[in-house]
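Here are the chains, one letter per residue:
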Amino acid sequence: MKHVKWVMFNLHFWNCWLDLTLSTLSQPFIIPPVFGGFFLGMLGPLGINMKLQVYMMVTQIMMVAVATIAIFENRFFLLFAENTFWRHGRKLFYVINYSLALSYFLPTVLQIPDQELARKEIFKMYPSIIHFDRPSRTIYVVAYDMEIREWIGYRQLISLCTVIVQGATFLILLHFNIWKSTKNMTMSETTLRLQKVFLRAVYLQIAIPATVMIIPQIIMEILGYLYLMSPEMNSIAYMLMSVHGASATLVMLYFHAPYREFCQKVFCKKVRVLNGIESSQYVETTASNVVLAG
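Computed from a prediction, not measured in an experiment: that's the story for all the values here.

(A) Spatial organisation of the packing of aromatic side chains. Applying the stated criterion across every chain, the model contains 13 aromatic pairs. Here the aromatic rings of F29 and F38 are separated by 4.9 Å at their centres, their planes lie at 10°, and the arrangement is stacked. Owing to a relative accessible area of 10%, F29 belongs among the buried residues under this scheme. Residue F38 is classed as buried on the basis of its relative accessible area of 4%. Taking 6.0 Å as the distance between ring centres and 35° as the angle between the ring planes, the aromatic pair formed by F29 and F132 counts as tilted. Taken as a pair, F29 in strand 1 (residues 28–31) and F132 in the loop between helix 5 (115–125) and strand 3 (140–141) lie far apart in primary sequence, 103 residues in all. The pair F29 / F132 is uniform in exposure class, with both members buried.

(B) Up close: the environment of N15. Relative to the elements of secondary structure, N15 occurs in helix 1 (residues 4–25). Overall, N15 belongs to the buried group, its relative accessible area being 2%. Taking the C-alpha atoms as reference points, N15 and V243, 228 residues apart in sequence, are found 9.2 Å from one another.

(C) Summary view of the pairing of strand 2 (residues 36–39). Both strand 1 and strand 2 contribute to a ladder of four bridges, which runs antiparallel. Its bridge partner lying in strand 2, I30 is registered against G37. Where strand 1 hands over to strand 2, the hairpin turn is made up of four residues, of which F35 adopts a positive phi near 50°. Relative to strand 3, strand 2 runs antiparallel, the two sharing two bridges. Counterpart to G36 in the pairing with strand 3 is V141.

(D) Focus on unusual backbone geometry. Unusually for a residue other than glycine, Q27 sits at a positive phi of about 50°. Within the fold, Q27 resides in the loop between helix 1 and strand 1. Classification of Q27 by relative accessible area gives partly exposed; the value is 33%.

(E) Just helix 2 (residues 50–81), in detail. The terminal C-alpha atoms of helix 2 lie 44 Å apart, and with 32 residues this matches the ideal 46 Å at 1.5 Å per residue to within 8%. Among the 32 residues of helix 2, 25 are classified as buried, and the element is accordingly described as predominantly covered. The N-cap of helix 2, judged by a side-chain oxygen 2.6 Å from the amide nitrogen of K51 a few residues on, is N49.

The rules behind each value
Residues numbered from 1 in each chain as written. Predicted model: local features only at pLDDT ≥ 70, side-chain atom pairs only at ≥ 80, totals over all residues. Heavy atoms only, no water. Phe/Tyr/Trp six-rings, centres within 6.5 Å; stacked < 30°, edge-to-face > 60°. Buried < 20%, exposed > 50% of the residue type's maximum accessible area, 1.4 Å probe, protein only. Helix = DSSP H or I, 4+ residues; strand = E, 2+ residues; numbered from the N terminus. Pairing = 2+ DSSP bridges. Expected span 1.5 Å × (residues − 1). Polar contact = N/O pair within 3.5 Å; in protein donor to acceptor, adjacent residues only side chain to side chain.

What follows is the structure, encoded as C-alpha cells:
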C-alpha cells in the first residue's frame, strides 16, 4: 500500500466487485420494512447460499469504504509521515481496518433466523408484502426481531461514523501539513500546487460516486424507518448504486493523467505496438523516398 497506483487499484477492484454483485451476481431487491428481500441475480440459480450473498454484498460495501480511506492515508504517508513512527503503525491500522470490514456483518449473518418462522412473523407484521413472495423467489428475512434490527442499525451508524472520522482525520492532517509546509517554505511552490491539484481531483473522484452510492441508501433507510414499500424506488436505487464503480473509474481517468497513462500502458499495448509499427513503416517509406529522390 505504499504506491498511489496500488491504492487506486485496490479501490477500483472493490468498486468493480460491488457493482457486479449489485447489478449481475446478486441483484438484490430490498424490502425495507421487513429488513429483507430477495435476490434476482445469477448466483441464486448457481446454488449460492442466501447468507453468503448477504455477507458478500455488505462486506464489499465496507471494503470500498476502507479502500477510500486508504487513498487519503497513503497520500499523507508519502508526503509527510514516511520517516515517522507511522511507517510502522500504518501496518496495524490496515490490518484492523480490513479485519473489521471482513468481520463487520458476520454477527448478523450468524443470527439470521429460521426462514419459515421468520416469514410467518413478517407476514403478520406487514401483510401488504405477501404478494411479493413467490415459490420461485421466496422473501429472505435477515432480521425481524426489533432488538436485533436496532442493534444492526446502531452498528451501521457506528461504522459510518468511524469511516467519516478516519477519512476526516487524514484530510485534516493533509491540509494542516500542506499549510505548514507553505508557511515554512519546506516544499517548492510547484510541489505544493501539484499536491493541492491532486487533492481536489481526489475529492471529485470520491464525491461523485459517493453521491451516487449514498443518496439511494439514505432514501431506502428513510423508507425503512417509515415502514413504506416502493418497488420503483428500490429498482432506481440499486440501478444507481450499481454504476458507482464505473463513474469512479471514469472520473479517475479524467482527472488523473498519470493513472490514465498507466492504464494505457497496461491495457493498450496492442494499440501502441500497432502505432509503433505504423510509425516505423512511415519512417522507412519516407527514408526510401528521400534516397530515391536523391
